[in-house]
Amino acid sequence: MSKILVTGGSGYIGSHTIVALLEAGYEVVSIDDHSRSHDFIMDRIEQITGTEVVNHRINLVDRPALEAFFQREHHGITGVIHFAAFKAVGESSANPLLYFENNLVGQMNLMRCVEQYSIPHFVFSSSCTVYGNPESLPVTEHSPLLEPESPYGRTKVIGEAFLRDWVKVSATRVVALRYFNPVGAHPSALIGEFSRGIPENLLPYITQTAAGIRERLTIYGRDYPTRDGTCVRDYLHVCDVAQAHVAAIRHLGEHADAPSFDVFNLGSGVGQTVLEMVQAFEEVSGAPLAYSFGERRTGDVVAVYADNTKAREQLGWTTQYSLQDMLRTAWAWEQALSQSYNAHP
Ligand code: WQD
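These lines cover the structure that appears in this document, whether it is placed above or below.

1. Brief notes about the site of the ligand
Here comes step 1: As a matter of local geometry, the ligand sits amid 21 residues, with Glu149, Tyr152, Leu202, Arg233 and Asp300 nearest to it.
Here comes step 2: One nitrogen or oxygen atom from the side chain of Tyr152 is found 2.7 Å from an oxygen atom belonging to the ligand.
Here comes step 3: Between the ligand and the protein, one listed contact pairs an oxygen atom with a backbone N or O atom of Leu202 at 2.7 Å.
Here comes step 4: Elements that contribute at least two residues to the shell around the ligand include exactly α7 (202-210) and β8 (217-220).
Here comes step 5: No other element matches the four residues that β8 contributes to the shell around the ligand.
Here comes step 6: Counted by class, the shell around the ligand contains ten nonpolar, five polar and six charged residues.

Following this line, the structure appears as structure tokens:
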């Protein structure tokens with residue numbers, strides 16, 4: 001049985017990917033310092049899968065601690081899926097050095113250990129933000145990498161560049177997955193997206209508004225050159241994103257002749273406007289949502305959505321969850337959070 005190391009395993013996409021890996025028959029070990037996640041997530045994963053996953057509480061920037069982990073635990077690890085990074089666009093603009101150190105120094109330390117212990121497969125969590133404000137849509141993996149919207153996005157562009165150069169002299173082969181907008185939660189409502197403070201992202205803000213935690217949603221701009229004036233994004237279910245990581249690890253294991261570095265867009269291929277997301281959510285929740293229109297948000301791209309042909313043809317991956325599934329599971333997760341908060345304030 002192949003053992004996969006998941007960094008950031010207690011995080012939003014990391015936890016859903018661990019569930020998918022376990023259900024696909026992989027053994028999993030996690031590294032997560034819980035700086036942006038919670039220590040009970042591994043218990044929730046065990047509740048879902050029946051399998052205990054050990055998490056090692058290590059910050060990847062702490063190179064001695066990471067090297068000690070690999071020295072003890074590298075046996076049987078055939079692949080690494082690297083999620084552990086900060087990802088708040090606004091925070092990264094306010095504190096770029098925090099993001100460069102955490103995301104890039106952490107990644108370099110990890111790459112050194114992967115090389116030292118000759119781990120053959122590496123999957124990197126990248127983002128559609130590397131495309132900046134694309135001039136033509138849908139974006140393919142050959143679309144130009146334009147100026148990223150934030151230092152967070154910069155760490156994804158640089159992170160991919162590190163890997164492109166490294167594979168030329170390393171035996172490790174790499175797949176970078178460029179996520180569009182992952183949303184929703186596991187159908188069990190035991191794992192999902194946690195927001196620290198006021199949510200930056202659209203879906204958590206919508207569900208917290210519906211739950212009465214926020215007074216109203218502000219839609220950032222309605223004067224964009226789109227079908228209803230609001231921004232267009234490619235939303236996809238987090239469980240579909242998780243399945244893509246299993247497909248990527250399997251692809252690396254089954255195709256020794258695959259390129260040493262390759263990238264895949266992870267999107268549904270469909271663009272939805274912000275207003276369409278709000279209206280679809282109202283249908284799912286059965287209640288009107290309080291919202292108003294405000295000024296544009298700095299750094300927002302007008303429209304971005306994926307051409308997902310390459311992942312479909314080469315990874316055998318397509319999205320299985322509908323927009324309604326995304327919104328329904330996001331709402332169920334928010335309600336579960338509210339119930340657990342009310343039970344344990
Ligand atoms: C989506 C749309 C907002 C909140 C970011 C990162 C990206 C990825 C996903 C990590 C935009 C609008 C939002 C609100 C709104 N993160 N919006 N009111 O900016 O597309 O992508 O998160 O990988 O890398 O850049 O996602 O959810 O923040 O915004 O109107 O209260 O919703 O203007 O048009 P974004 P988002």
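2. Re the sheet that holds strand β6 (residues 173-179)
Working definition: the strands of a sheet are paired by backbone hydrogen bonds and lie parallel or antiparallel to each other.
Here comes step 1: In space, the seven strands of this open sheet follow the order β3-β2-β1-β4-β5-β6-β11, with parallel pairing throughout. Here the strands that pair on one side only, and so sit at the sheet edges, are β3 (54-56) and β11 (261-266). Each strand of the sheet is rotated relative to its neighbour by a mean of 20°, with strand direction disregarded.
Here comes step 2: Relative to β6, strand β5 (residues 121-127) runs parallel, the two sharing seven bridges. By the bridge assignment for β6, Phe124 is matched with Ala176.
Here comes step 3: On top of the sheet, helix α5 (residues 96-116) reaches β1 (3-7), β4 (77-82) and β5; it is set at about 170° to β4, its chief contact.

3. Notes on the packing of helix α1 (residues 12-23) against helix α2 (residues 41-49)
Here comes step 1: Where α1 meets α2, the axes come as close as 10 Å, and the angle between the chain directions of the two elements is 35°. α1 and α2 meet at a crossing whose hand is right-handed. Packed against α1, whose contacting residues are Ser15, Ile18, Val19, Leu22 and Glu23, the element α2 presents Ile41, Met42, Ile45, Ile48 and Thr49 at the interface.
Here comes step 2: In the contact of α1 with α2, the residues fall into seven nonpolar, two polar and one charged.

What counts, and where the lines are drawn
- Residues numbered from 1 in each chain as written.
- Predicted model: local features only at pLDDT ≥ 70, side-chain atom pairs only at ≥ 80, totals over all residues.
- Heavy atoms only, no water.
- Near = heavy atom within 4 Å.
- Polar contact = N/O pair within 3.5 Å; in protein donor to acceptor, adjacent residues only side chain to side chain.
- Helix = DSSP H or I, 4+ residues; strand = E, 2+ residues; numbered from the N terminus.
- Nonpolar A, V, L, I, M, F, W, Y, C, P; charged D, E, K, R; others polar.
- Pairing = 2+ DSSP bridges.
- Axes fitted to C-alpha atoms, helices over the stretch in contact; angles between N-to-C directions.
- Contact = heavy atoms within 4.5 Å.
- Left-handed = near helix turned anticlockwise from the far one by under 90°.

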